[in-house]
Amino acid sequence: MTATKFAFLGAGNMAAAMVDGLLAQGTVAPADLACLGGGGQTAALLAARTGITLAGSLPALVAGADALVVAFKPQQLAGADPQLATLTAGKLVISVLAGKRPARLAQTFPLARAIVWAMPNTPARIGAGMTPWCSLAPLAPADRATVATLLAALGHAIEIEESLMDTAAAVSASGPAFLFEFAAALRDGGVAGGLPPETAKILAVETVLGAARLLARTGTDPEELRRQVTSPKGMTLAGLGRMEARDFRGTLRETVLAAKARSEEMSRDT
Ligand SMILES: NC(=O)c1ccc[n+]([C@@H]2O[C@H](COP(=O)([O-])OP(=O)(O)OC[C@H]3O[C@@H](n4cnc5c(N)ncnc54)[C@H](OP(=O)(O)O)[C@@H]3O)[C@@H](O)[C@H]2O)c1
């Protein structure tokens with residue numbers, strides 16, 4: 001019998017993204033994965049859809065797993081089953097819970113061999129995520145490899161110092177919302193200029209997508225790519241002038257710092 005490699009406690013959107021990504025990459029087989037939810041149907045549905053094991057109990061879920069992936073809601077950590085303390089003895093625990101720092105996780109998983117806190121974002125659902133992560137203590141190479149395998153299922157990942165997690169999350173976890181707001185504003189600008197809403201929408205969406213792909217593929221600084229679009233006395237310069245006059249950069253800077261401040265605040269509520 002194949003040993004379960006990853007056990008998912010919580011089987012909602014984020015767990016499903018990880019399971020789908022792992023299976024799509026072929027790095028693990030359905031038999032290597034197990035899940036358990038709360039009182040609802042998500043775990044049964046995930047197991048039925050993907051062929052992974054639906055665990056009958058918490059001990060059954062954790063037994064035989066190399067790593068426990070904690071993917072329920074952050075507010076459910078306080079009421080988590082106390083059995084988890086002993087069940088996770090010697091295991092690698094990887095949490096994706098927003099705002100729950102490794103030291104807080106260590107209260108629930110005091111005997112774990114290693115504790116990792118990762119903050120995925122919503123593009124992870126299509127394998128295009130960006131996940132900053134940190135650990136309570138330096139990881140053994142094998143655990144680092146396990147974390148890399150799991151997070152690669154969601155897209156890109158980057159290890160950072162814990163003290164930088166709030167800022168990183170403000171950029172990458174909240175960032176998609178800021179970009180969606182930008183896309184909506186670009187669309188609305190088109191509508192204000194007389195475009196039919198559907199035309200404005202497709203122009204805005206494909207432009208955001210194409211520009212982001214160009215940025216990623218070339219590795220060129222955004223300022224340089226902006227310069228390449230901007231001719232002297234041209235239309236783009238006229239638009240950029242209005243962005244500057246309204247301090248677009250300053251607004252985005254404050255946006256990121258406000259998200260960071262809120263993340264710090266939420267981390268203090270255990
Ligand atoms: N969605 C994102 O983009 C995103 C990004 C970064 C981090 N996260 C983090 O990912 C976590 C999960 O988010 P989500 O969007 O996947 O939530 P979700 O879709 O609402 O799923 C929550 C899951 O937790 C299960 N659950 C509830 N109570 C439980 C318990 N006591 N023990 C075990 N499982 C329990 C639910 O099972 P039942 O159906 O049985 O109730 C469900 O499977 C959150 O902590 C969030 O902070 C999410």
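Residues numbered from 1 in each chain as written. Predicted model: local features only at pLDDT ≥ 70, side-chain atom pairs only at ≥ 80, totals over all residues.

## Focus: the sheet that holds strand β7 (residues 129–135)
1) Next: Strand order in the open sheet made by the 8 strands is β3-β2-β1-β4-β5-β6-β7-β8, with mixed pairing throughout. Looking at the sheet topology across the chains shown, the edges are occupied by β3 (53–54) and β8 (155–159).
2) Next: Where helix α1 (residues 13–25) meets the sheet, it contacts β1 (6–9), β2 (33–36) and β4 (67–70), and its direction lies at approximately 165 degrees from that of β2.
3) Next: Against the sheet, helix α6 (residues 141–152) makes contact with β1, β4, β5 (92–95), β6 (114–118), β7 and β8, and its axis sits at roughly 35 degrees relative to β5, the strand it touches most. (Pairing = 2+ DSSP bridges. Helix = DSSP H or I, 4+ residues; strand = E, 2+ residues; numbered from the N terminus. Contact = placed C-beta atoms within 7 Å. Axes fitted to C-alpha atoms, helices over the stretch in contact; angles between N-to-C directions.)

## Re the site of the ligand
1) Next: Inspection of the region around the ligand gives 27 residues, with Gly12, Gly37, Gly38, Gly40 and Thr42 positioned closest.
2) Next: Every element with two or more residues in the shell around the ligand is listed here: α1 and α2 (42–50).
3) Next: The leading source of residues in the shell around the ligand is α1, at 3 residues.
4) Next: Its residues assigned to classes, the shell around the ligand comprises 14 nonpolar, 12 polar and 1 charged. (Near = placed C-beta within 6 Å. Nonpolar A, V, L, I, M, F, W, Y, C, P; charged D, E, K, R; others polar.)

## A short note on the domain arrangement of the protein
1) Next: Domains assigned within the protein are domain 1 (6–161) and domain 2 (175–268).
2) Next: When each unit is reduced to the centre of its C-alpha atoms, the spacing between domain 1 and domain 2 is 33 Å.
3) Next: Across the contact, 5 residues belong to domain 1 and 5 residues belong to domain 2.
4) Next: Here the side of domain 1 that touches domain 2 is composed, by residue class, of 1 nonpolar, 3 polar and 1 charged. (Domains from an automatic or database assignment.)

## A closer look at the environment of Arg226
1) Next: With respect to the secondary-structure elements, Arg226 resides in helix α10 (residues 222–229).
2) Next: Overall, Arg226 belongs to the partly exposed group, with 13 C-beta atoms counted inside 10 Å.
3) Next: Separated by 201 residues in the primary sequence, Arg226 and Gln25 place their C-alpha atoms 35 Å from one another. (Buried ≥ 20, exposed ≤ 12 C-beta atoms within 10 Å, placed from the backbone.)

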